Number of protein chains: 2
Amino acid sequence: MVVELISVGTELLLGNIVNTNACFLSQQLAAIGMSVYYQTTVGDNEKRLQGTLKEALKRSDIVILTGGLGPTKDDLTKEVTAKVLKKELVEDKNTKKRIKEYLGKSHYGEITENNWKQAMIPEGALVIDNDNGTAPGLVVGSEDGKKVILLPGPPNELIPMFKEKILPILKESSEEIIYSEMVKVAGIGESRVETEIADLIQNQSNPTIAPYAKTGEVHLRITAKAKSEKEAKKLVKPIVEELKKRFKNAIYTNKEEENLEDALVRLLNKHDLKVTTAESCTGGLIAGRLVNVAGVSEVFNQGLVTYSNKAKRKLLDVSKSTLKKYGAVSKQTAKEMAVGAAIFTNSDVAVAVTGIAGPDGGTEEKPVGLVYIGCYVNEKTVVKEFRFNGNRNKVRELTVVHALDLLRRTIIENYE
Amino acid sequence: MVVELISVGTELLLGNIVNTNACFLSQQLAAIGMSVYYQTTVGDNEKRLQGTLKEALKRSDIVILTGGLGPTKDDLTKEVTAKVLKKELVEDKNTKKRIKEYLGKSHYGEITENNWKQAMIPEGALVIDNDNGTAPGLVVGSEDGKKVILLPGPPNELIPMFKEKILPILKESSEEIIYSEMVKVAGIGESRVETEIADLIQNQSNPTIAPYAKTGEVHLRITAKAKSEKEAKKLVKPIVEELKKRFKNAIYTNKEEENLEDALVRLLNKHDLKVTTAESCTGGLIAGRLVNVAGVSEVFNQGLVTYSNKAKRKLLDVSKSTLKKYGAVSKQTAKEMAVGAAIFTNSDVAVAVTGIAGPDGGTEEKPVGLVYIGCYVNEKTVVKEFRFNGNRNKVRELTVVHALDLLRRTIIENYE
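Residues numbered from 1 in each chain as written. Chains lettered and ligands numbered in written order. Predicted model: local features only at pLDDT ≥ 70, side-chain atom pairs only at ≥ 80, totals over all residues. Heavy atoms only, no water.

Caption draft 1: Inspection of the domain arrangement of chain A at higher detail. Residues and elements named next belong to chain A. Annotation of chain A at the domain level lists domain 1 (2-172), domain 2 (177-253) and domain 3 (260-415). With centres defined by C-alpha atoms, the gap from domain 2 to domain 3 works out at 30 Å. Of the residues lining the interface, eleven residues belong to domain 2; the matching set on domain 3 comes to 14 residues. Across the domain 2 to domain 3 interface the summed buried area is about 930 Å²; carbon plus sulfur atoms make up 53%. Sorting the residues of domain 2 by area buried against domain 3 places Thr215, Asn249 and Tyr252 first, and these three jointly supply 59% of that buried surface. Between the two partners, domain 2 and domain 3, sit zero salt bridges. In this structure, the connection of domain 2 to domain 3 is made through four residue pairs in polar contact (both at pLDDT 80 or more). (Domains from an automatic or database assignment. Contact = heavy atoms within 4.5 Å. Buried area = accessible area lost by both parts, 1.4 Å probe. Salt bridge = Lys/Arg side-chain N within 4 Å of Asp/Glu carboxyl O. Polar contact = N/O pair within 3.5 Å; in protein donor to acceptor, adjacent residues only side chain to side chain.)

Here it is in structure tokens:
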């Protein structure tokens, strides 16, 4: 099955927004074994949109268009699709009712005449209700058995609609079952991950292993095709087991929806540990990641941003002689920061970071990118030195991921 | 001038990475008055890339291809371009020398034979040296006077190359001078900004005003075309003055490169004010934004993440009766947090936030999205109530922007 993506919107052509929809859809389609050969972005322009859709229908089985389903005259995606597929637009009563209810609930004020444009659908189209907006999704068939799928542009409407309602339809159009699992690895570089599994990836066909590199993380998606889900799971299982054997503690989850901070907070909850943070170069971003997790309050009371030496001394009791002898960016300071943070906040475990994020402040001996991460766990302290590449932002992002990961690993080593 | 973008890379079609290059280039091109009608993404596939480039050359004056310039056999962009434009590939001595020096310096280990592939260029092409990698940029002319521009895919190579070396070439190919200025507004919604300037935008032609919506901010780009820069500046100036009159303090900068935290830190420096933060629902993200600014240490010593009531009481001295009577998410608590943070850290000004980021914890009276931001400035406290829409992440992002902005405005009102 070859799928083609067309993103519609002048705001994309002006660089007003980044096209995250194309990335999301491509990843989702790859996960169910569908091939995407082209992604095209066009503006809200009838002629160019028509040409692009016609071309796409020549070379692909399914065309997914996103955006251009709004109530204004500029929004042309549905009209152009109907024209290309030679369908009339007719009013869909259910959609009209749903729009009325939706707009009533969200206090958008008066419903204007052009809202009803969104209730018009190409004759015979399958209507996909939108739970987060007014524009419905639509699946329209062509004379030669191809499918055109129209989805709303805003990601908060598109993503749930695709996952909950379009994906099941696409899976149906395949005779085989596609089943995939995710294994997420942190704290190891992409190239090392790929080297470690080169033998598994080589000549793979079913299941396949696809690595996705994230900042400081690699996500491995294992996908199998089979005639039943049971059979597909059976193909995936030994690969997941093999990955667990090879990467051990570096794997922080094999749950699709769980991210690194979720895994850490789960671990803290499991062992009933209160955590705190002491941040210098990351200035609050580690605490910010912890607070991503709804319900983190069970294990996280407070964090400290100690940017200056004065703050490190006052709040964390880092000794004057340590700062003088080794400097603020040193193994010794990171250690004292972690211990001090745990004591000051009366926490069981602590993570502390100090480093040179740049662009200034680097020396030959202590270059930009040098970071020390200290963890206080079970009354012991572990400190690791890192040398990150990249600009200020990149160094800080990598520091955050490695800090969360080092704390996670240290807890496992001490408690499991 | 019509420019078309082709992004080359199977990793884009697999959804492995988001196509930020297309967004960056589109924005840059719009800023110099060039039109982009199509952005296409294709994989590292000879036939499909060839077809896409041929089609693009039919309908556009300039085609910019990004990616696929690496040293491996998969990388085909240069080879396909040469074929389509009927040019031979020849070795460029200067590039070979530069690659040798570059790889020598960065300790990449042995230089392998395929590195020299990157020194091959289409006959007669203009070579653009890459200061951040091995693949050179290339500008190749077609028989009918069109231009094909090849740029490396990694953003840290592409962005500086485009800004420093390609932009001047593109500007030259236009007879007119395009000049633009940016006015950045915070704390006002996009629709209100658009309403306020509807009369300026309507029937505009030269200069134009283009609004770009960011989280909690709107950036307005004013662009003029003229025969000289002086003339263009003269066209832009009255619009900028008019915007300043209309938006007053809501404008935080008219410098292209300055962001909200830069503007705030500049203001703190100007008035010699030490700042601190006390964060509940944002959990460190405000401090994290401040620490984005290199050299923030002059005005920022420490910040506090006080997620629990206990921490609010212990560190910020929020009174037990306030928490009991009004709750942690209240005007009164925000006020006491701001004052307490300034006292505890001995700072001149403080910003404090407390709110319900969701998804849980909301009630009819205090729904998800309710946030109080308190600022302590010049021994006075200002507290504002906000009701944000969106998921946990969105609520937190909006809180961060509005907190930085409220502190900025309060300082201006007190000190300027």
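Caption draft 2: Geometry of empty space enclosed by the protein. Overall, the coordinates contain three cavities of 30 Å³ or more when judged by the stated rule. By volume, the largest cavity is sized at about 130 Å³. Lining the largest cavity are 14 residues; nearest its centre among them are Asn19 and Thr41 of chain A together with Asn19, Ala22 and Gln39 of chain B. Of all the secondary-structure elements, those providing two or more residues to the lining of the largest cavity are β2 (35-42) of chain A together with α2 (20-31) and β2 (35-42) of chain B. Taken together, the residues of the lining of the largest cavity sort by class into five nonpolar, nine polar and no charged. (1 Å grid on protein atoms, 1.4 Å probe; cavity = no way out; pocket = protein on both sides within 12 Å on 5 of 7 lines; lining within 4 Å. Points joined across faces, edges and corners; volume = space filled by probe spheres on them. Helix = DSSP H or I, 4+ residues; strand = E, 2+ residues; numbered from the N terminus. Nonpolar A, V, L, I, M, F, W, Y, C, P; charged D, E, K, R; others polar.)

Caption draft 3: Up close: the interface of chain A and chain B. The interface is formed by 59 residues belonging to chain A together with 60 residues belonging to chain B. Interface of chain A and chain B: buried area, both sides summed, is about 4,500 Å²; carbon and sulfur atoms make up 53% of it. Summed over the shared surface of chain A and chain B, the number is zero salt bridges. Broken down by element, the side of chain A that touches chain B gets its largest block of residues, seven residues, from β2 of chain A. Pairing analysis gives five bridges linking β2 of chain A to β2 of chain B, with the strands arranged antiparallel. Across the sheet, residue Tyr38 of chain A finds its bridge partner in β2 of chain B, namely Val42 of chain B. (Pairing = 2+ DSSP bridges.)

Caption draft 4: Representation of the pairing of strand β9 (residues 177-186) of chain B. All names here are of chain B. In terms of burial, β9 is largely enclosed, as seven of its ten residues are buried. Bridge count for β9 against strand β11 (residues 217-226) is ten bridges, and the pairing is antiparallel. In the strand pairing of β11, Ser180 is matched with Thr223. Both β9 and strand β12 (residues 251-253) contribute to a ladder of two bridges, which runs antiparallel. (Buried < 20%, exposed > 50% of the residue type's maximum accessible area, 1.4 Å probe, protein only.)

Caption draft 5: Spatial organisation of helix α15 (residues 392-415) of chain A. The terminal C-alpha atoms of α15 of chain A, which comprises 24 residues, lie 35 Å apart, in line with the 34 Å expected from a rise of 1.5 Å per residue. Across the 24 residues that make up α15 of chain A, a large majority, 17, are buried. (Expected span 1.5 Å × (residues − 1).)

Caption draft 6: Inspection of the environment of Val127 of chain B at higher detail. Residue and element names in this part refer to chain B. Structurally, Val127 can be placed in strand β6 (residues 126-128). Residue Val127 is classed as partly exposed on the basis of its relative accessible area, which comes to 22%. When the C-alpha atoms of Val127 and Val139 are compared, they prove to be 6.7 Å apart, with twelve residues separating the residues in sequence. With sequence-adjacent residues up to four places away left out, Val127 is seen in contact with Asp92, Thr95, Ile121, Pro136, Gly137 and Leu138.

Caption draft 7: Structural detail: the side chain of Thr77 of chain A. Note on placement: Thr77 of chain A falls in helix α4 (residues 77-84). Excluding residues within four positions of it along the chain, Thr77 of chain A makes contact with Val8, Leu49, Leu65, Gly67, Gly68, Leu69 and Leu150 of chain A.

Caption draft 8: Up close: the sheet that holds β2 of chain A. Read across the open sheet, the twelve strands follow the order β6(A)-β7(A)-β8(A)-β3(A)-β1(A)-β2(A)-β2(B)-β1(B)-β3(B)-β8(B)-β7(B)-β6(B); overall the sheet is mixed. The sheet terminates laterally at β6 (126-128) of chain A together with β6 of chain B, the two strands that pair on one side only. When strand polarity is set aside, the average angle formed by the axes of neighbouring strands in this sheet is 15 degrees. In the sheet, strand β7 (residues 137-141) of chain B pairs with strand β8 (residues 147-151) of chain B via four bridges, with the strands oriented antiparallel. (Axes fitted to C-alpha atoms, helices over the stretch in contact; angles between N-to-C directions.)

Caption draft 9: Structural view of the sheet that holds strand β16 (residues 370-377) of chain B. One open sheet holds the ten strands; their spatial order is β17(A)-β16(A)-β15(A)-β13(A)-β14(A)-β14(B)-β13(B)-β15(B)-β16(B)-β17(B), and the pairing between them is mixed. Edge positions in the open sheet fall to β17 (380-387) of chain A together with β17 (380-387) of chain B, since each of these has one partner strand only. This sheet shows a mean twist of 15 degrees between the axes of neighbouring strands, independent of strand direction. Here strand β14 (residues 302-306) of chain A pairs with strand β14 (residues 302-306) of chain B via five bridges, running antiparallel. Of the residues in β14 of chain B, the one forming a bridge with Val305 of chain A is Gly303 of chain B. Across the face of the sheet, helix α14 (residues 331-345) of chain A comes into contact with β13 (275-279), β14, β15 (349-355), β16 (370-377) and β17 of chain A while running at roughly 145 degrees to β15 of chain A. Most of the contacts of helix α12 (residues 309-316) of chain B go to β14 of chain B, to which it runs at about 145 degrees, and overall it touches β14 of chain A together with β13 (275-279), β14 and β15 (349-355) of chain B.

Caption draft 10: A look at the state of the cysteines. Residue and element names in this part refer to chain A. Within the structure shown, the criterion is met by zero disulfides over all chains. Free cysteine Cys281: the closest other cysteine sulfur is in Cys375, separated by 14 Å. Of the residues examined, Cys281 reaches a relative accessible area of 4% and is grouped as buried. (Disulfide = S-S within 2.5 Å.)

Caption draft 11: Spatial organisation of the packing of helix α2 (residues 20-31) of chain A against helix α6 (residues 155-172) of chain A. Residue and element names in this part refer to chain A. Where α2 meets α6, the closest approach of the two axes is 11 Å, and the angle between their N-to-C directions is 25 degrees. The orientation of α2 relative to α6 falls into the category roughly parallel. Seen from above, α2 lies across α6 with right-handed handedness. Along the contact surface, α2 presents Thr20, Asn21, Phe24, Leu25, Gln28 and Leu29, while α6 presents Pro155, Leu158, Ile159, Phe162, Lys163, Leu167 and Leu170. The class makeup of the residues in the contact of α2 with α6 is nine nonpolar, three polar and one charged. (Parallel < 35°, antiparallel > 145°, perpendicular 65-115°, else oblique. Left-handed = near helix turned anticlockwise from the far one by under 90°.)

Caption draft 12: Representation of the relation of the copies chain A and chain B. Rotating chain A by 180 degrees about the axis while translating it 0.1 Å along that axis superimposes it on chain B, leaving an RMSD of 0.2 Å. Each copy turns onto its partner about a two-fold axis. A high fraction, 100%, of the interface residues of chain A reappear at the interface in chain B, so the copies pair face to face through one surface. (Least-squares fit on C-alpha atoms with pLDDT ≥ 70 in both.)

Caption draft 13: Looking closely at the packing of aromatic side chains. On inspection of all chains with the given rule, the structure shows six aromatic pairs over all chains. Plain terms: the ring middles of Phe386 of chain A and Phe388 of chain A are 5.3 Å apart, the flat faces sit at 15 degrees to each other, and that makes the pair stacked. In this pair, the class of Phe386 of chain A matches that of Phe388 of chain A, namely buried. Arranged with centres 5.9 Å apart and planes meeting at 80 degrees, the rings of Phe24 of chain B and Phe162 of chain B form a pair that is edge-to-face. With Phe24 of chain B in helix α2 and Phe162 of chain B in helix α6 (residues 155-172), the pair connects residues that are 138 residues apart, well separated along the chain. (Phe/Tyr/Trp six-rings, centres within 6.5 Å; stacked < 30°, edge-to-face > 60°.)

Caption draft 14: Representation of the packing of helix α10 (residues 260-270) of chain B against helix α15 (residues 392-415) of chain B within the structure. Residues and elements named next belong to chain B. For the pair α10 and α15, the least separation of the axes is 10 Å and the interaxial angle reads 30 degrees. Classed by the angle they form, the pair α10 and α15 counts as roughly parallel. The way α10 lies across α15 gives a crossing that is left-handed. Between α10 and α15, the residues in contact are Leu260, Glu261, Leu264, Leu267 and Leu268 and Val401, Leu404, Asp405, Leu407, Arg408, Ile411 and Ile412, respectively. Its residues placed into classes, the contact of α10 with α15 shows nine nonpolar, no polar and three charged.

Caption draft 15: Examining the pattern of salt bridges more closely. Residues and elements named next belong to chain B. The tally for this structure, following the rule as stated, stands at 38 salt bridges over all chains. In this structure, Lys245 engages Glu242 in a salt bridge whose closest nitrogen and oxygen atoms are separated by 3.9 Å. Remark: Glu242 and Lys245 occur in helix α9 (residues 229-247); sequence separation between them is three residues, near one turn of the helix. A relative accessible area of 58% means that Lys245 is categorised as exposed. Under the relative-accessibility criterion, Glu242 is labelled partly exposed at 24%. Lys270 is paired through a salt bridge with Glu416; the nearest N and O atoms lie 2.8 Å apart. Of this pair, Lys270 sits in helix α10 while Glu416 is found in the segment after α15, placing the two residues 146 residues apart along the sequence. By the burial criterion, Lys270 is exposed, and Glu416 matches it.

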